Amino acid sequence: MKLCVLGLGYIGLPTAVMFAKHGLQVHGVDVSEIVVKKLQNKELHIEEPGLYEMFAEVTDSGAFTVSQEPVHADAYIIAVPTPINKNKTSNLDYVRSATEMIVPYVQEGNLVVLESTSPPKTVENIMLPVLEKTGLKFGEELFVSHSPERVLPGKLFEELVSNDRIVGGINEESSNRTVELYRTFVKGEIHVTDATTAEMVKLMENTYRDVNIAFANELARIAEEVGFNVWEAIKLANCHPRVNIHMPGPGVGGHCIAVDPWFIVEAAPEQAKLTTLSRKINDETPHNIVNIVKNIVGEIAKPKVSVFGLSFKGNIDDMRESPSLEIIEDLVNIGYDVSIYDPHILSSYPNKVDTLEEAVDNSDCVVILTDHNEYKEIDYTQIKEKMSTPNIIDTRNILNKEVLQEAGFDVFLVGDKSIRNSLLAK
Ligand code: SAJ
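Quick caveat: nothing in here was measured; it's all calculated off a predicted structure. (Residues numbered from 1 in each chain as written. Predicted model: local features only at pLDDT ≥ 70, side-chain atom pairs only at ≥ 80, totals over all residues. Heavy atoms only, no water.)

A. Region of interest: the environment of Val259. As for its position among the elements, Val259 is in the loop between helix H9 (230–237) and helix H10 (260–267). You can call Val259 buried: its relative accessible area is 1%. Here the alpha-carbon distance between Val259 and Ser116, two residues 143 residues apart in the chain, equals 13 Å. Sequence-distant contacts of Val259, that is, excluding residues within four places in its chain, are made with Thr82, Ile84, Gly254 and Glu321. (Helix = DSSP H or I, 4+ residues; strand = E, 2+ residues; numbered from the N terminus. Buried < 20%, exposed > 50% of the residue type's maximum accessible area, 1.4 Å probe, protein only. Contact = heavy atoms within 4.5 Å.)

B. Looking closely at the environment of Glu218. Along the chain, the position of Glu218 falls in helix H8 (residues 195–226). It is 18 Å that separates the C-alpha atoms of Glu218 and Leu369, two residues lying 151 residues apart in sequence.

C. Inspection of the sheet that holds strand S1 (residues 2–6) at higher detail. Strand order in the open sheet made by the eight strands is S3-S2-S1-S4-S5-S6-S7-S8, with mixed pairing throughout. Two strands bound the open sheet, and with one partner strand each, they are strand S3 (64–67) and strand S8 (190–194). Neighbour-to-neighbour, the strand axes of this sheet turn through a mean angle of 25°, independent of strand direction. The sheet contact formed by strand S2 (residues 25–29) and S3 spans four bridges and is parallel. Of the residues in S3, the one forming a bridge with Val26 is Phe64. (Pairing = 2+ DSSP bridges. Axes fitted to C-alpha atoms, helices over the stretch in contact; angles between N-to-C directions.)

D. Local environment of the sheet that holds strand S10 (residues 337–341). The strand order across the open sheet built from five strands is S10-S9-S11-S12-S13, with neighbouring strands paired in parallel fashion. A single partner strand is all that each edge strand has here, and the edge strands are S10 and strand S13 (410–413). Averaged over neighbouring strand pairs, the angle between their axes works out to 20° when direction is ignored. Where strand S9 (residues 304–308) lies against S10, five bridges are found, and the strand directions are parallel. Residue pairing for S10: Lys304 is matched across the bridge by Asp337.

E. The arrangement of the site of the ligand in detail. Taken together, 21 residues surround the ligand, and among them Glu149, Lys202, Asn206, Met247 and Cys256 come closest. Contacts to the ligand include Arg150, whose backbone N or O atom sits 2.7 Å from an oxygen atom. In this structure, an oxygen atom belonging to the ligand sits 2.8 Å away from a side-chain N or O atom of Lys313. Protein chains bury 89% of the 770 Å² of accessible surface belonging to the ligand in isolation. Residue contributions to the shell around the ligand peak at five residues, all from H8. Its residues assigned to classes, the shell around the ligand shows nine nonpolar, four polar and eight charged. Two domains each put at least three residues into the shell around the ligand: domain 1 (2–188) and domain 2 (218–425). (Near = heavy atom within 4 Å. Polar contact = N/O pair within 3.5 Å; in protein donor to acceptor, adjacent residues only side chain to side chain. Areas by Shrake-Rupley, 256 points an atom, 1.4 Å probe, with all protein chains shown as cover. Nonpolar A, V, L, I, M, F, W, Y, C, P; charged D, E, K, R; others polar. Domains from an automatic or database assignment.)

Structure below.
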């Protein structure tokens, strides 16, 4: 069986490689010449545990090829970005153009699967009108479905296999063929529904998380006001068998959770009240963190702030929608001397330095924004020697407060009375 995967990003590339590893002949397509050249030279443009080994293996064996143009295949998977515009409406240009791209190649009996997270009715209103140009009869000569990717960056290969999958075909035969395709490696259950429901299921999962994280962030602000430790309180509340409150932090990043709720808002703005408010709360959170920094270093003349973490969550290299970007921009705009340290981000970024030493040299405050393992393993006593003022703000609850305090740090934990005390002290 021959498969053609369009979009070789965080989802498309690992998925393509997985199919190639499991016996399919796979051709990957990306519009970016840089990405294609890199892959053809057996180099990766993204970081994901286990990806390189598998990618190298299927490339060497010839099971996986890459170019900027599609080929004839039995099935096509579209895994292109579905970003949002500045006004929070969906941008489906990539879905549209990827579908256009395969029109000259699609033949009778082919299957086309959309994996990109998309607003409800994308298959119906965006893809089908384009695929009509093939002249093939939908559901009889050409099979189309949505099967959203639902894997967690960083744990992608494990989740590709073990997670349940949702398949929503435009008719039963489209669903059946899609189930058969993914059975190649999926060990989780494959649930069949219609295309619009499948689109909504994916959006609902991420919106559930966004609303829950907004609640956690709201509780963090309440904890700072009232004076208790929200992390301990959430841990205790979650001992209840029916409670699962998520964790507060510096805000919500990534291409999924910070974006997908807007697709629901766009589809039904009047009805999506809680969804809209949760987005607002999570979007405000980076500014809350900036205010905390301001309260702690505000009295120091031209303070230096060391930001730990550019990626949107721990142990990955993905900066998309990362709350760190907004926090850094605000800190720079205030006029602080900002120095960023992130061992997972290899590309250059303004104010990013290469070593921990440079980042903390003469610093007045370390702000931990991402829970990379590296930050848990740092010897903070040594860092303190280099700093001008030993302040440390932990937005992820990854530090041992007592140990740091003993070492002479002023430790401020987001969602804790230490933040309140810092405000009262001013
Ligand atoms: N975050 C919190 N508190 C939490 C959990 C997360 O502040 O308790 C923050 C993270 O730090 C990060 C953001 O939320 O900035 C999102 O991280 P995440 O780990 O929750 O999710 P993603 O964006 O990496 O992946 C999600 C996953 N969806 C669900 O768990 C329902 C993944 O399965 C999806 O495939 C992915 O979105 C996607 O592509 O849609």
